[in-house]
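Chain by chain, the residues run as shown.
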2 protein chains.
Amino acid sequence: MVENTENTENIENIENIEIVEIAKKAKDAFLKTMNLDNESKNLVLDLIAKEIDKKRAEIFLNNEKDLNYAKTLLEEGKINKATYDRLKINDNKINDLIKGLNDLIKIDDPVNKTVWKKELDEDLILTKVTVPIGVIGVIFEARPDCFIQIASLLIKSGNCGILKGGSEANNTNTLFSKIVQDAIIKSNVMPKDAINLVYSRDDIKKMLELDEYISLIIPRGSNNLVKYIKQNTKIPVLGHASGICHIFVDKDTDFDNALKIITDAKTQYPSACNSVETLLIHKDFSYIEQLKQGLKEKNIKIIENPDNFSFEYGDTVLSLKIVDNIDCAIEHINKFGSGHTDSILSKNKENIDKFLNLVDSSCVFANCSTRFSDGFRFGFGAEVGISTNKTHARGPVGLEGLTIYKYKLIGKNNIVDDYAKGIKKFNHRFI
Amino acid sequence: MVENTENTENIENIENIEIVEIAKKAKDAFLKTMNLDNESKNLVLDLIAKEIDKKRAEIFLNNEKDLNYAKTLLEEGKINKATYDRLKINDNKINDLIKGLNDLIKIDDPVNKTVWKKELDEDLILTKVTVPIGVIGVIFEARPDCFIQIASLLIKSGNCGILKGGSEANNTNTLFSKIVQDAIIKSNVMPKDAINLVYSRDDIKKMLELDEYISLIIPRGSNNLVKYIKQNTKIPVLGHASGICHIFVDKDTDFDNALKIITDAKTQYPSACNSVETLLIHKDFSYIEQLKQGLKEKNIKIIENPDNFSFEYGDTVLSLKIVDNIDCAIEHINKFGSGHTDSILSKNKENIDKFLNLVDSSCVFANCSTRFSDGFRFGFGAEVGISTNKTHARGPVGLEGLTIYKYKLIGKNNIVDDYAKGIKKFNHRFI
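None of the values given here were measured: they were computed from a predicted structure. (Residues numbered from 1 in each chain as written. Chains lettered and ligands numbered in written order. Predicted model: local features only at pLDDT ≥ 70, side-chain atom pairs only at ≥ 80, totals over all residues.)

### Here we look at the overall build of chain A
Piece 1. Secondary structure summary: chain A contains 14 helices and 16 strands in total.
Piece 2. Relative to the globule expectation of 22 Å for 431 residues, the C-alpha radius of gyration of chain A, 25 Å, shows essentially globular dimensions.
Piece 3. Burial analysis of chain A (431 residues in total) assigns 51% to the buried set.
Piece 4. Taking all contacts inside chain A whose residues are at least 6 apart in sequence as the whole, residues at least 24 apart take part in 71%. (Helix = DSSP H or I, 4+ residues; strand = E, 2+ residues; numbered from the N terminus. Rg over C-alpha atoms; globule rule 2.2 N^0.38 Å. Buried ≥ 20, exposed ≤ 12 C-beta atoms within 10 Å, placed from the backbone. Contact = placed C-beta atoms within 7 Å.)

In structure tokens:
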């Protein structure tokens, strides 16, 4: 449905299909994609890469329409410069997308991998194998290159998807969606309904109700978007609403290293979710004043003891609290943090262990920047998002987070009654 | 809160605490249990086992109160004989509980296991380790031995719990809860708020809203209970609302084996969730009539082409449908099944592979009974429940399903900027 949708006037032939119909078809498509072999999936990815390369001019033309639309929004103060800039697709971004697709082709199939194999009895073999999850709803904001990245991750992992991009990028996303659909059709290996683009905010609302067809929602965007989604669906949501990351400076930390790491964690990309928001300093650290001064010289604004320790600045601003000891630091993090990424700077091995074990966050670091919390830096090849969930997948999520498993049991006419009566006995032996 | 709660008149000193307070304290307790070593956890389990052994007489006395209460319900037709029977605790059940506890003590710690270790750079080491999830709400029905089983699984896995048992078992559950609490206090290794028993239906309702404190809900009970819970919470739910399991009899199946396996899958324990509900037979199977006759002789009632193929009989009744081919069978299962357990009986290797790969269920079997779908039979030692979820844990869930992971990254003052600028390069090498 494209009613009440902004920035769609230039798009021809948007099909006027109810999202429930899209979801039903995607679910049917999943029953075909879930067991696709790696070669077939790579064929689609390769066709997408080639088509993107070929259609650069057309992509730039569509992107231009989005940029024109966004320029008005920028002038009206409805979006900021950063959002406007992220919208732009140039040759470099196209090259990155193509490289990303080719890298993904080289990665082993995340699906159909044997996790383990076990003899329940000599003629009864149980295998735990990875499988894709199902139809995944992904909601992302302005950056249109996201569409290709997400679609390709879903294809590689055998999942199907319903993608909702930011309306500012509608023209670019529509062309990307067409390129993906054309590649799927040309490949002749999977149904064209595997990957779908939807447009309106109303679609998000409806998507969240479709737990019959959609198995997972991945929101990639602002805190408010993620919070709204988490509050309005029964479908499992993979993501993080906020990134309240901490650095704890222990008593015996080098001043130079502390300054270097905190500066990196705060200024390298201040609006990133893995940027540090709160600095906790041990009261007996010898360089408290020098550290504050040093950070100010890096243009970091320090707010000591703010009213709200759970506020994400997304800017070069840091909350500061002096703590009595490491236990107080850990308690503070578990109380005010978002379970994202927290780092201790210390030379004390015992304190490092304590911090890593007792901070209840997805990523717990020692003597390095919180900014390392990222799928690419962790070597996952591609990142679906960062999760602060306590179930399924946690921290930076790669292709593995898009899979689950099934159990295959192959017997020779075995019945439970024989084991219940003691006629037969289980082995339970890994093979 | 114990207002409006049945079968509590014999229980002294039920604390009148709001469930939100219980949940808060349990969350605090979790921050202490999450990193307990195996020895400490085993100490608590051992104390529970010894205390149960010692308090047999007191347990039977409390159980007698429940049985008296339930007898009235039975006479009034409010519960059935099976529920009444399951309520009874005798020496055998106590022995089983003690054996279960001792078996659990022998199992490796599911927590603090290194999943993998990776060098991001030579001085930047990433480790993926298993950790417990948090506070888990478990809602179970009549069988009071469940309390000890669930509490011990939670303790072994470092999680904390809020348990709500069936009101028929309130007296027995209360004593079991006291035994667990006493063991925890005596052990002096974990907070007493780690494991909690709550009583009223109102507590369930409130528990489902406490997503701030509770990370996972596990309902073990009737379809209606599970459906109600899934529909009324944003907390992840691990379980299955129904078990619509299928057996597909392929064209070339031995008559004797088919009869034997279907009989086992339907009659070995008809009310179990892994019992078969629907039989799909290939139209060219040579013994269709003989099979129907054979099953009737086993006192199985066959309903051909019922209006509702998604109905769980929980009795010795089977839906039957003749299908044109294996594709129709797979389509039927993916449409009407509950993603629980489905089995193919066939000598055709290609068809077996097709069935196992294209049926989108947690457990897909070949040439054996659906009744094998069970944590004990799978060799998991203990079973939390069976999940038809598409995320986190699927199929029979053992201790592993009560864990998640965190990432520990230990550096030597590494900053992201060095890698962004190309001064340093990532290794990404498993070690």
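### Re the packing of helix α2 (residues 38–54) of chain B against helix α7 (residues 170–187) of chain B
Residues and elements named next belong to chain B.
Piece 1. Running from N to C, α2 and α7 cross one another at 130°; their axes reach a closest spacing of 9 Å. When the interaxial angle is binned, α2 and α7 end up oblique. In this structure, α2 crosses over α7, and the sense of that crossing is right-handed. Listed contacts from α7 to Leu43, Val44, Leu47, Ile48, Glu51 and Ile52 of α2 are Ile179, Val180, Asp182, Ala183, Ile184, Lys186 and Ser187.
Piece 2. Taken together, the residues of the contact of α2 with α7 sort by class into nine nonpolar, one polar and three charged. (Axes fitted to C-alpha atoms, helices over the stretch in contact; angles between N-to-C directions. Parallel < 35°, antiparallel > 145°, perpendicular 65-115°, else oblique. Left-handed = near helix turned anticlockwise from the far one by under 90°. Nonpolar A, V, L, I, M, F, W, Y, C, P; charged D, E, K, R; others polar.)

### Re the interface of chain A and chain B
Piece 1. The interface is formed by 60 residues belonging to chain A together with 60 residues belonging to chain B.
Piece 2. With 11 residues, strand β15 (residues 403–414) of chain A is the single largest residue contributor to the side of chain A that touches chain B.
Piece 3. By the bridge criterion, five bridges tie strand β12 (residues 363–368) of chain A to strand β15 (residues 403–414) of chain B in an arrangement that is parallel. Residue pairing for β15(B): A:Ala366 is matched across the bridge by B:Ile410. (Pairing = 2+ DSSP bridges.)

### Description of the domain arrangement of chain A
Piece 1. By domain assignment, chain A separates into domain 1 (19–231) and domain 2 (245–372).
Piece 2. Computed from C-alpha atoms alone, the centre-to-centre distance between domain 1 of chain A and domain 2 of chain A is 35 Å. (Domains from an automatic or database assignment.)

### A few points about the sheet that holds strand β5 (residues 195–198) of chain B
Residue and element names in this part refer to chain B.
Piece 1. The four strands lie next to each other as β5-β4-β3-β6, forming an open sheet whose pairing is parallel. The two strands at the open ends of the sheet, each matched to only one other strand, are β5 and β6 (214–220). Averaged over neighbouring strand pairs, the angle between their axes works out to 20° when direction is ignored.
Piece 2. In this sheet, β6 lies alongside strand β3 (residues 135–140) in parallel orientation, the contact comprising six bridges. Along β6, the bridge assignment pairs Val138 with Ile218.
Piece 3. Contacts between helix α1 (residues 19–33) and the sheet are confined to β3, β4 (160–164), β5 and β6, with β4 contributing the most and set at about 145° to the helix.
Piece 4. Running over the sheet, helix α6 (residues 145–156) touches β3, β4, β5 and β6 and is turned about 165° from β4.

### Here's the deal with the environment of A:Leu120
Piece 1. Its place among the elements puts A:Leu120 in strand β1 (residues 114–121).
Piece 2. Residue class for A:Leu120 comes out buried when judged on the 22 C-beta atoms lying within 10 Å of it.
Piece 3. Separated by 22 residues in sequence, A:Leu120 and A:Ala142 place their C-alpha atoms 51 Å apart.
Piece 4. When neighbours within four sequence positions are excluded, A:Leu120 is seen to be in contact with A:Leu126, A:Phe426, A:Asn427, A:His428, B:Arg377 and B:Gly379.

### Some thoughts on the relation of the copies chain A and chain B
Piece 1. Rotating chain A by 180° and moving it 0.0 Å along the rotation axis overlays it on chain B with an RMSD of 0.1 Å. These values place the two chain copies in the arrangement generated by a two-fold rotation axis. Proximity to the rotation axis, assessed at the C-alpha, singles out A:His392 in chain A; its C-alpha lies 1.8 Å from the axis.
Piece 2. Of the interface residues in chain A, 100% have counterparts in chain B that sit at the interface too, so the contact is made through matching surfaces. (Least-squares fit on C-alpha atoms with pLDDT ≥ 70 in both.)

### Focus: the environment of B:Arg429
Residue and element names in this part refer to chain B.
Piece 1. Secondary-structure assignment places Arg429 in strand β16 (residues 429–430).
Piece 2. Of the residues examined, Arg429 has 11 C-beta atoms within 10 Å and is grouped as exposed.
Piece 3. Placed 310 residues apart in sequence, Arg429 and Glu119 show a C-alpha to C-alpha distance of 5.1 Å.
Piece 4. Once residues within four sequence positions are removed from consideration, Arg429 is found in contact with Lys118 and Glu119.

### Examining unusual backbone geometry
Residues and elements named next belong to chain A.
Piece 1. Residues other than glycine seldom take positive phi values, yet Asn112 does so here, at roughly 70°.
Piece 2. With respect to the element layout, Asn112 can be found in the loop between α5 (91–106) and β1.
Piece 3. In this structure, Asn305 takes a positive phi of about 45° despite not being glycine.
Piece 4. Tracing the backbone shows Asn305 in the loop between β9 (301–304) and β10 (317–323).
Piece 5. The exposure class of Asn305 is exposed, given the 9 C-beta atoms found within 10 Å.

### Focus: the sheet that holds β15(B)
Piece 1. The 10 strands are arranged β9(A)-β10(A)-β8(A)-β7(A)-β11(A)-β12(A)-β15(B)-β2(B)-β1(B)-β16(B) in an open sheet whose pairing can be described as mixed. Here the strands that pair on one side only, and so sit at the sheet edges, are β9 of chain A together with β16 of chain B.
Piece 2. Where β9(A) meets β10(A), four bridges bridge the pair, whose relative direction is parallel. Counterpart to A:Glu304 in the pairing with β10(A) is A:Leu320.

### Considering the packing of helix α6 (residues 145–156) of chain A against helix α7 (residues 170–187) of chain A
Residue and element names in this part refer to chain A.
Piece 1. Running from N to C, α6 and α7 cross one another at 30°; their axes reach a closest spacing of 9 Å. Regarding the angle of α6 to α7, the classification is roughly parallel. Viewed along their axes, α6 and α7 form a crossing whose handedness is right-handed. Contacts between α6 and α7 involve Phe147, Ile148 and Ala151 from the first element and Asn173, Phe176, Ser177 and Val180 from the second.
Piece 2. Of the residues assigned to the contact of α6 with α7, the class counts are five nonpolar, two polar and no charged.

### Topic: α1(B)
Residue and element names in this part refer to chain B.
Piece 1. In this model, α1 (15 residues) spans 20 Å end to end at C-alpha, consistent with the 21 Å of a helix rising 1.5 Å per residue.
Piece 2. Listed in full, the buried residues belonging to α1 are Ile19, Ile22, Ala23, Lys25, Ala26, Lys27, Ala29, Phe30 and Thr33.
Piece 3. Turning to α1, the residues buried within the fold contact β3, β4, β5, α8 (201–207) and β6. (Expected span 1.5 Å × (residues − 1).)

### What to know about the environment of B:Ile89
All names here are of chain B.
Piece 1. Looking at the secondary structure, you find Ile89 in the loop between α4 (81–87) and α5 (91–106).
Piece 2. Residues Ile89 and Leu47, 42 residues apart in the sequence, show an inter-C-alpha distance of 20 Å.
Piece 3. Beyond its immediate sequence surroundings of up to four residues, Ile89 is in contact with Ile59, Phe60, Asn63, Ile94, Pro144, Asp145 and Thr172.

### Describing the pairing of strand β7 (residues 245–249) of chain B
Residues and elements named next belong to chain B.
Piece 1. For β7, the buried fraction is high: five of the five residues fall into the buried class.
Piece 2. On β7, burial covers both faces: Cys245, Ile247 and Val249 on one face and His246 and Phe248 on the other are all buried.
Piece 3. Summarising the sheet, β7 and strand β8 (residues 276–282) pair through five bridges and their orientation is parallel. When the sheet's bridge partners are listed, Cys245 is paired in β8 with Val276.
Piece 4. Strand direction decides the pairing type here: β7 and strand β11 (residues 341–345), joined by four bridges, are parallel. Across the sheet, Phe248 pairs through a bridge with Ile344, a residue of β11.

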